[in-house]
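Coordinate inspection notes
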Amino acid sequence: MILLYTEASPFARKCRLCIAELGAGQDIALRDVGAVSPLAANAAASAQAPLGKIPVLVRPGQAALYDSPVICEYLDAVWHGSLFPADGEARWRALAVQALADGAMETAVALRYEAVFRGNGSDDDPWVVRQTARLTSAVDAMARAVADFAPAPTIGELSVASALGYLDLRFEEIAWRRGQAALAAWFDSFAARPSMQSTAPTL
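This text gives an overview of the structure that appears in the document. (Residues numbered from 1 in each chain as written. Predicted model: local features only at pLDDT ≥ 70, side-chain atom pairs only at ≥ 80, totals over all residues. Heavy atoms only, no water.)

1. Topic: the pairing of strand β1 (residues 2–5)
Selection rule: Note on pairing: DSSP must find at least two bridges between two strands before they are called paired. Helix numbers and strand numbers start at the N terminus; a helix is a DSSP run of H or I with at least 4 residues, a strand a run of E with at least 2. Here is how to tell: hold the view so the strands point away, follow the path from the first strand over the helix to the second, and if it runs clockwise the crossover is right-handed.
When β1 meets strand β2 (residues 29–32), the two strands line up parallel, connected through 4 bridges. What sits directly across from Leu3, in β2, is Leu30. Crossover connection from β1 via helix α1 (residues 10–22) to parallel β2: handedness right-handed.

Following this line, the structure appears as structure tokens:
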């Protein structure tokens, strides 16, 4: 199998974290397809996924899988992992935290695209103000949830780590750590995991 990704993508990092946590790195090749822009198609991604977005998991003799929640759950099933609890409240908690973090990542990527490709990233633009408020709200929700984060990471914790890592990479000005001591302490500890170290963007 081949994972199509870009190094800065938080969604691709989430998949790479799953691969590392599952010990599947020897069986999945990583292929950096370069820049993915909302203004032009990426040929490698578009050849495998109708929306032309990454990450994409290319499977020999089978249909490609996208997007990150589907890829991560598939990998966990194939490698018999425990990133997705099988049932009960633990499963719904993990999925809800993943959805929260994915929403934060979607918002952050949209803000990044707005600033880079449209040049409309002014701090007083109403759209930017609203999206920034959504990010702040998401971080607040993560901070409220951090006390219940699982000692052995699930897809929820991996998603939060990907989201916060992306904020560190692209949105230093948001200063998400301000007033969030418990969440920041959790992230700094989690960032020491080998999976986090090996997937950290070098951009």
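Read on for the rest.
2. Concerning unusual backbone geometry
For residues besides glycine, phi is generally negative; the peptide bonds are generally trans as well. Of note, the amide linkage connecting Ile54 to Pro55 takes the cis form, showing an omega dihedral of 5 degrees. Mapped onto the elements, Pro55 comes out in the loop between α2 (43–46) and β3 (56–58). In this chain, Tyr66 is followed by Asp67 through a cis amide linkage whose omega measures 0 degrees. Along the chain, the position of Asp67 falls in the loop between β3 and α3 (68–78). The backbone of Ala175 shows a phi angle near 50 degrees, a positive value even though the residue is not glycine. By the element assignment, Ala175 lies in the loop between α6 (155–170) and α7 (181–190).

3. Things to note about the nonpolar core
Where we set the bar: Throughout, nonpolar core names a set of buried Ala, Val, Leu, Ile, Met, Phe, Trp, Tyr and Cys residues whose side chains join them through atoms within 4.5 Å. For each residue, the accessible area found with a 1.4 Å probe, counting protein chains only, is set against the maximum for its type, and the residue is called buried under 20%, exposed over 50%, and partly exposed in between. Contact definition: two residues touch when any of their heavy atoms are within 4.5 Å.
One finds Met142, Leu164, Leu183 and Trp186 to be the most contacted residues of the largest nonpolar core, which totals 61 residues. In contact with Leu164, not counting residues within four places along its chain, are Met142, Trp176, Leu183, Trp186 and Phe187.

4. What about the packing of aromatic side chains?
Test applied: Note on aromatic pairs: the rings of Phe, Tyr and Trp (six-membered ring only in Trp) are paired at centre separations within 6.5 Å, and the planes decide the class, stacked below 30 degrees, edge-to-face beyond 60, tilted for the rest. We count a charge as sitting over a ring when the NZ of a lysine or the CZ of an arginine lies within 6 Å of the ring centre and within 35 degrees of the ring normal.
Counted under the stated rule, the structure contains 4 aromatic pairs. Taken together, a centroid distance of 4.9 Å and an interplanar angle of 25 degrees make the contact between Trp186 and Phe190 stacked. With Trp186 and Phe190 both in helix α7, this residue pair falls 4 residues apart, about one helical turn. Judged by its relative accessible area of 15%, Trp186 falls in the buried class. Pairwise contacts between aromatic rings join Phe149, Trp186 and Phe190 into one cluster. Lying across the ring of Tyr74, Arg59 places its NZ or CZ 4.9 Å from the centre.

5. Points about the sheet that holds β2
Basically, it comes down to this: To obtain an axis, a line is fitted to C-alpha atoms, over the contacting stretch when the element is a helix, and the angle between two such axes runs from 0 to 180 degrees between their N-to-C directions.
Read across the sheet, 3 strands follow the order β2-β1-β3 without closing on themselves; strand pairing throughout is mixed. The open sheet has two edge strands with one neighbour each: β2 and β3. In this sheet, neighbouring strand axes are inclined to one another by 25 degrees on average, regardless of whether the strands run parallel or antiparallel. Pairing analysis gives 3 bridges linking β1 to β3, with the strands arranged antiparallel. Across the sheet, Ile2 pairs through a bridge with Val58, a residue of β3. Contacting β1 and β2, α1 crosses the sheet at an angle of about 150 degrees to β1.

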